[in-house]
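Observations on chain architecture
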Amino acid sequence: METGPLLAVVCLFMPMLSALLIAVLGGRMPKICDLIGIGTMGVSLLCAIVLGLGHATYGAQTWEFTWITMDVGWVTSEPLSWTLGITVDGLTTALLLVVTLVSFLVHLFSKGYMHGDDRYVDFYRWLGLFTFSMLGLILSDNLLTLFVFWEVMGLASYKLIGHYFFKQSAFMACKKAFMTTRVGDIGMFLALLAIYLYTDSLQFKEIFANLDMIPVGAQFWIAMGLFMGAAGKSAQFPLHIWLPDAMEGPTPVSALIHAATMVAAGVYLVGRMYTLIVLSPGALVIISIIGCFTALMAASIAFTRTDIKQVLAYSTVSQLGFMFTALGVGSNIAWKAGLFHLATHAMFKACLFLGSGSVIHGCHHLQDMTKMGGLRKKMPITAMTYLVACLAIAGFPFTAGFWSKDMILQALWAGNGHFDDVYKIIYVVLALAAAMTAAYMFRSYFLTFEGKPRDQHVHDHAHESPWTMTTGLIVLATMAIAAGYKWHDALLPNSPGGLEGVLSPIATFAKTFVIHGEGNEVAHHAHTIALYTSLTVAFGGMILAGVWYMTAFGVGLRQKMRAMIGPLYGWASGKFFIDEFVQMVFINTSIFFAELTSWIDSALLDGFVDGTGSVTMKTGAASGVADDAIVDGAVTLAGNSAWWGGALLGRFQSGRIRNYLFGAVASVALFAVVMLYIVAR
Amino acid sequence: MEGLGIQLAFYSFAAVTIGSALLATMAKKIVNSAFALMATFFGVAGIYGVLGSDFMAVTQIVVYVGGILILLCFGMLLTDRVPDEFRVRSPRRYVGASIAATLTFVGLAWAISGTAWARLPHITDGSAEALPTTALIGNALLTDYLLPFEFASIVLLVVLVGAARVARGGTR
Amino acid sequence: MNLTLLLPEIIVIVGGLAVMLRDLWLPADRKDGLWAWALAVPLIALAATFLPQLDVAARISVDGAMIVNPEATALSGSFYLDGMSMLLKRAFCVAAALVILMSREYLSELNRGQGEFWSLALFALSGMFFCASANDFMSLFVALEVVTVSFFVLVAFKRSSGTSIEAGLKLLVMGSLSAALMLYGIAFVYGASGTVFFDQVVVNGEVTRTGLRDLLATGQLVYSTELLIGVMLIFLGLGFKTSAVPLHVWVPDVYQGAPTPVTAYLSVGSKLAGFVLMLRVLEVFSRSGPMVDSLTPFLALVAAVTLFYGNLGALPQSNIKRLLGYSSIGQCGYILLGIASAWTVGISGTLFYMTAYVVTNLAAFAVVILVSRATNSHEIDDYSGLGRKNPLLAAALTVALLSLAGVPPFIGFFGKFMLIGSTFGSDELRWLGLVGMVNVVIALYYYLCVIKRIYMREERHPAKSVVPLRLKVVLAISMAALVIGGIAPQFLADKTAEIAEELQFAPRPRGGEHR
């Protein structure tokens, strides 16, 4: 094994080790489980950093492990070979860095935040398993293990969201998250089957080498199936409904799962399978439209939330929409923009979530922003880091968010030569969503940290969090700026560069696409326009929020505007009633069908069975000869051979050896006669 | 003439076997069943004799009549209460048993009648006519069948150990 | 004749006698140490199977046809050593060693009879050895009876317990019936062919004894109803050992009633002995096309009924030993899938699954022994909260059950994959593969129900299990085998594929289009 994959394997298995160790030792030494978690994640992070620094050497190293090779004559004449492996390329390395960093900081943060929790040990164990599955998902070089890790991650997130399972809302939330993502997984699973059917492999390498074996008609549906899975995990309309509810989980979990890792998995999947997805311009534009719609919709809902975590949740949905919008363009720069935004967003959103966690912790589990205000003086570090992250998400110049958002807009403006008009419209809508992002994020900042305290009691008891928590905030805030610079160019190059085998076949198979890259006339033009747009929307949004929430004039203005847009505000605050729609259309319908089948089962089938039973009994009684050899014999024969028919009737072995012998002899004879009959035919 | 005599012997032994087997199945008292069984064993021994298996016929009488049947009688004597009416007489059991028995009979009859015995080479080559068979069996046991013959001693050992274990009185 | 080939058998028989005699000379207070003697025997036998002298080519090529190598046979051809018997003998050794490690705790509760227990277990092992090497119907029958009779006694070993005695009696009665059926079948085959030997014996170029393989290969013995009915009866009789329908009825009762270590031994040793004989008999008759054509639907029917019986029957069970009993019927159905398919991949899968089944089932039973020692119960409800009380034990049971259910990445998955896959090669058996798949889902349900209780229910029984070193060894070995076998199954798969090739089943599925 080469150094790169070796590091990656160590990086991958450290969280697994943590989960195992905690499972074994946790009962006896609950005190040290946090140290185990933090220590192993530290090692993972180190490995990821070494991998990142040495990317030039380690990049594009792969390691394959042949699980089993079997001669199975019924599939192909070639022996069937199941190969699993890990691949270390630019994309992997970038995401490894992001995931391990956030996971490490969340482990550290939780030591303070979760202190004194009853299920502290369980929490760390599932955190370890979750990180393991996320890393495994990223490192997989094939869709099979990716899918397995994808599902394991679903399980781990189910346990983490439902950490406070004794609360009804948390219990419902984890169930909802699990079920909603499963809906997406159906599409993904079908896409996997189709891919295997056409290319005879689930390995990325093989799939991309055999893309021409997928018929044109199937390309669209495979792309849509993959996107459906991605939309489930990454909370895109209409499968986004689980994410805001999932805020019932502990806040560090929200930072880990709903900012940096699990929700990123969908974006990663689309990014990884990009070579296949770009084959279908129709699928691309649908992805872009759904992403853009989600971005706008979630941004408008975010305005109406007063719970600080809910704002962040909708903001996440909205930002994920940005990423899909970018990926939906289908050019190299778009690919880079989408994944770059994934990385930068992970940094500042994790910072925001942890910041909100720090606030919640400082205010004794208060989440309502309308009761906060003026917390900056009480919690200076939290406020400063939160502000930096807000600037980044708003796209303030020279923060990480500025670069990535700028790149997204640039990619949209450049288009891909297929539906450029549509992409222009999307561009405008997305710019609006970006402005709204800046506005609602600063709304949350102003409401929480600035102004006068609205609840004096809360304000008096608020306190800054311990170092375990603030460390993470500071690191992430630094990254919220630093992540925008150089490193991504090495890892996520514009041109296929470090992603041999991932993107290069685009050129061969999608000749119709204009590959827009740096230095190109169109791209340059797009760059200028995008720069102005993003500057405008960032400052516009921030100023708007400042006016609305920091000035006396703003209060009146807000009311006027609310009256002006009228019902729209009501819809947004009702989350556009998507949950109700789903409840009514899908859940109620399924319940109806379940009840219908249950009724059929109980009323019809049972009735039938009971009916036959009673008919037999009545016949017996009517004949008037209870001792009649035939009826009696037949009934008892059924009794004697209950062990035989019992499998279906629920009456099993009688335990009487006489009956066993009888049954054995009778059925052996029956077997013999039946077989002779078959043979004689 | 000789063929007729053998046929006569075969059918009378067969009649004894089947008749006494029926009696053993139907008898009300278990002692009667046991004695009917003795007749069955003799009948089977007679059939062996008719078929030219002198050793088998003798073994049948020595082992079954002299051993198994006596064991059965001991069992009856040692059991505290053997009800006179030891068999539950219910028509439904007869029905069930008759169906099973009929099925078995049909299967066997089908198989046996479906085979062209007379054409099988090892039956027509006359190798089975040597009498007495004791020497043949002895030779076969120590040559071709050495392994099963020797390994049967382990079966007997296991049976002895097991009998001692299961029958041993005392605690546990 | 090559008596060296019998070395492992000789070691086991002498070992069994030695343990029995040693027991007589040991003072009562020192009998607890006897287990180490008993353990040594299968281990030495296992070591002996690796001797180079035993590594004889099982087949040789004569005039382009592969025939049995006389050098690999002993005792006038009654004993045959090939890859399959070697693999199974090693599996039997491992099974016996693990069972002996497990039984020590159970036996310490008994005042007397330790020596008998160990020697009976070893004699049963010798019977399994001869089953794996049996090369004529007489040896097959006697070897099988040694196994069966030993188990009669072992099952009824706990004389103070009514259920144990009852289980022994049930096994005895059903066992006698199956032995009678099998003998009847052998008589039919003898009647149709005039021989009970699988191989001919040639002295100075003259055939002194005919064998079924050669008769069938040369066409001297052709298909007849009588031959078919005989082979079918033999299969049904063997089905008693493998717990195949219709002679499976004893399984749940006996599994529940017998002492748990004996149940464990019964569930692997006795079962595999039946399967290896099924494979041997099928291999002998696979030389006749019409025979295979008639046997295949029969075996498929048995497999399908067995699958449904075991898996549906397991659903309502509340006793873990009974559940494992039904599960073992179901597992038998899977193995029958491969046997029914009767071509190389199916047979390879069969052998793979049989080997995997040993460690998987023994691991499950080891946990059952430990838990029942603490809770004094075999109710599945008493496994609630095991995940909290004994996390490692719970994990071991979970892994074992998942492997039984065929969940990757454990070893059971590949076995099921190969078995079900092998039926898809042939058009006429495709339905059987679907039946197998349906049953995988059914089985998953009841295995997961146990796992759910382990992890998601509050504990009912506060007593924690204390795990003695011997059982730790058992669990460690079986877990390592389960996981390593699941992650790197290539070694075993290659081995079984090689053996299946040596057995000379059809290289391609019957009646299947090669895509």
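Scoring rules and cut-offs
Residues numbered from 1 in each chain as written. Chains lettered and ligands numbered in written order. Predicted model: local features only at pLDDT ≥ 70, side-chain atom pairs only at ≥ 80, totals over all residues. Axes fitted to C-alpha atoms, helices over the stretch in contact; angles between N-to-C directions. Helix = DSSP H or I, 4+ residues; strand = E, 2+ residues; numbered from the N terminus. Parallel < 35°, antiparallel > 145°, perpendicular 65-115°, else oblique. Left-handed = near helix turned anticlockwise from the far one by under 90°. Contact = placed C-beta atoms within 7 Å. Nonpolar A, V, L, I, M, F, W, Y, C, P; charged D, E, K, R; others polar. Expected span 1.5 Å × (residues − 1). Bend = angle between axes of the 7 residues up to and from the residue. Buried ≥ 20, exposed ≤ 12 C-beta atoms within 10 Å, placed from the backbone. Pairing = 2+ DSSP bridges. Domains from an automatic or database assignment.

Residues and elements named next belong to chain C. Between helix α8 (residues 225–242) and helix α11 (residues 289–314), the shortest axis-to-axis distance is 11 Å and the interhelical angle comes to 30°. It follows that α8 is roughly parallel to α11 by the angle criterion. By crossing handedness, the relation of α8 to α11 is classed as right-handed. Of the residues in α11, those in contact with L228, V231, M232 and G239 of α8 are M291, S294, L295, F298 and V302. Per-class residue counts for the contact of α8 with α11 are seven nonpolar, two polar and no charged.

Residues and elements named next belong to chain A. A rise of 1.5 Å per residue sets the reference length of helix α7 (residues 168–199), with its 32 residues, at 46 Å; its end C-alpha atoms lie 46 Å apart and thus fit the reference within 8%. Where α7 bends most, at G184, the angle is about 30°. Of the positions making up α7, those classed as buried are A170, A173, C174, A177, T180, T181, G184, G187, M188, A191, L192 and I195. Each element contacted by the buried residues of α7 is listed here: α6 (143–161), α8 (204–209), α9 (216–233) and α10 (242–245). Just beyond α7, the residue with positive phi is D200, at close to 60°.

Residues and elements named next belong to chain C. Relative to strand β2 (residues 65–68), strand β1 (residues 59–62) is paired through four bridges, and the arrangement is antiparallel. Bridge assignment links I60 to a residue of β2, and that residue is I67. Linking β1 to β2, which pair antiparallel, is a turn of two residues; within it D63 sits at a positive phi near 50°.

This paragraph deals with the interface of chain B and chain C. At the interface, 24 residues of chain B touch 35 residues of chain C. Put simply, the parts of the chain that give the side of chain B that touches chain C at least two residues each are α4 (91–113) and α7 (146–167) of chain B. The leading source of residues in the side of chain B that touches chain C is α7(B), at 13 residues. Here the residues of the side of chain B that touches chain C are counted per class, giving 15 nonpolar, six polar and three charged.

This part covers the domain arrangement of chain C. Residue and element names in this part refer to chain C. For chain C, the assigned domains read domain 1 (1–285) and domain 2 (303–515). Once you take the C-alpha centre of each, domain 1 and domain 2 turn out to be 22 Å apart. Opposite the 37 residues of domain 1 that make contact, domain 2 presents 45 residues. When contributions to the side of domain 1 that touches domain 2 are tallied by element, the ones reaching two or more residues are α3 (83–107), α9 (250–257) and α10 (260–285). Element by element, the count of residues in the side of domain 1 that touches domain 2 is highest for α10, at 13 residues.

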